[in-house]
Amino acid sequence: AAAFFADGVLAGRRVLISAGPTREPLDPVRFITNRSTGKQGFAIAAAAAAAGAEVTLVAGPVTLPTPAGVARIDVESAAEMHAAVLARAPAHDIFVATAAVADYRAAAPAERKMKKSAETLTLDLVRNPDILADVAALTSGRPFCVGFAAETHDVLAYAEDKRRRKRLDLICANHVGAGKGFEADDNALHVLWEGGSRELPLADKRELARALVALIAERYAAA
Ligand code: CTP
Ligand code: CA
């Protein structure tokens, strides 16, 4: 812990973090979601709080306890997460988007439970707003923006493309699949910024979170 308490860059800084999956309702009893557990985001919230930051955590449905000293707001859908994050982002210094936001939602969720009939069923889906891109595009009160890129292949190329397209200060490339990333206890990251990069080697998600928070503090101070 001493390493990132040292220069106190994050002391009193306000850090907003999105975490977990989202749930996109199909009808009152069904939803679309993904395999995110929220572990990495919660670990980053804990590490940022330990570094002296005032942390707000906007969490999708997860089964994790709230880290000590962290203010938590629970949401379900991407639309709810978007509203909760955008309302708070201008009052924060740093935004770390770790949430695995569903890219699509049902175009028109059924108000009553859907009954089965035909042998096949086609769902009509529409794109969800991009929370991170919308925060990074704020013209007033824009926080320092950190994104994640969870990829199964061509990890660095896709991550660099996301960093540029969303105009991020930092992007954390995350190789997922085959026991890595989602649902795993260990993770490794390749962090990219304009003109530099650093590899954070495979470690327990809590240890990795501390290394990432130290790097965020370093880049935030340099920005
Ligand atoms: N993100 C977000 N809102 C969304 C989608 C993604 O805030 N609607 C954020 C994630 O939290 C992450 C980053 O954007 O920090 C990249 O998410 P990812 O799913 O890897 O990228 P997408 O832009 O959604 O592209 P794709 O899924 O097609 O790779
Ligand atoms: Ca996505």
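Structure shown above.
What you see is a predicted model; the values in this text were computed from it and never measured.

Focus: the site of ligand 1
In the vicinity of ligand 1, 14 residues are found, and the nearest of them are Ala97, Ala99, Pro129, Lys162 and Lys166. In the model, an oxygen atom of ligand 1 is placed 2.9 Å from a nitrogen or oxygen of the Phe148 main chain. With the chains in place, 77% of the 570 Å² that ligand 1 exposes on its own is no longer accessible. When contributions to the shell around ligand 1 are tallied by element, the ones reaching two or more residues are α4 (131-136) and β9 (144-151). With four residues, β9 is the single largest residue contributor to the shell around ligand 1. Within the shell around ligand 1, the residues separate by chemical class into nine nonpolar, one polar and four charged.

Focus: the coordination of the calcium ion (ligand 2)
Taken together, the protein donors to the calcium ion (ligand 2) comprise Asp103 (OD) and Asp103 (OD), at separations of 2.5 Å. Structurally, the position occupied by Asp103 is in the loop between β6 (94-97) and β7 (104-106).

Considerations on the sheet that holds strand β5 (residues 70-74)
Here we have eight strands laid out as an open sheet, ordered β5-β4-β1-β6-β9-β10-β11-β12, and mixed in their pairing. One side of each edge strand has no neighbouring strand; the edge strands of this open sheet are β5 and β12 (196-204). Within the sheet, the average angular offset between the axes of one strand and its neighbour, ignoring direction, is 20°. Bridge count for β6 against β9 is four bridges, and the pairing is parallel. The partner of Ala97 across the bridge, within β9, is Gly147. Strands in contact with helix α2 (residues 39-50) are β1 (14-19), β4 (54-59), β5, β6, β9 and β11 (186-193); relative to β4, the strand with the most contacts, it is inclined by about 165°. Running at roughly 155° to strand β10 (residues 170-175), helix α5 (residues 155-165) makes contact with β9, β10 and β11 of the sheet.

Conventions adopted
Residues numbered from 1 in each chain as written. Chains lettered and ligands numbered in written order. Predicted model: local features only at pLDDT ≥ 70, side-chain atom pairs only at ≥ 80, totals over all residues. Heavy atoms only, no water. Near = heavy atom within 4 Å. Polar contact = N/O pair within 3.5 Å; in protein donor to acceptor, adjacent residues only side chain to side chain. Areas by Shrake-Rupley, 256 points an atom, 1.4 Å probe, with all protein chains shown as cover. Helix = DSSP H or I, 4+ residues; strand = E, 2+ residues; numbered from the N terminus. Nonpolar A, V, L, I, M, F, W, Y, C, P; charged D, E, K, R; others polar. Donors = N, O, S within 2.8 Å, 3.2 Å for Na, K, Ca; no water. Pairing = 2+ DSSP bridges. Axes fitted to C-alpha atoms, helices over the stretch in contact; angles between N-to-C directions. Contact = heavy atoms within 4.5 Å.

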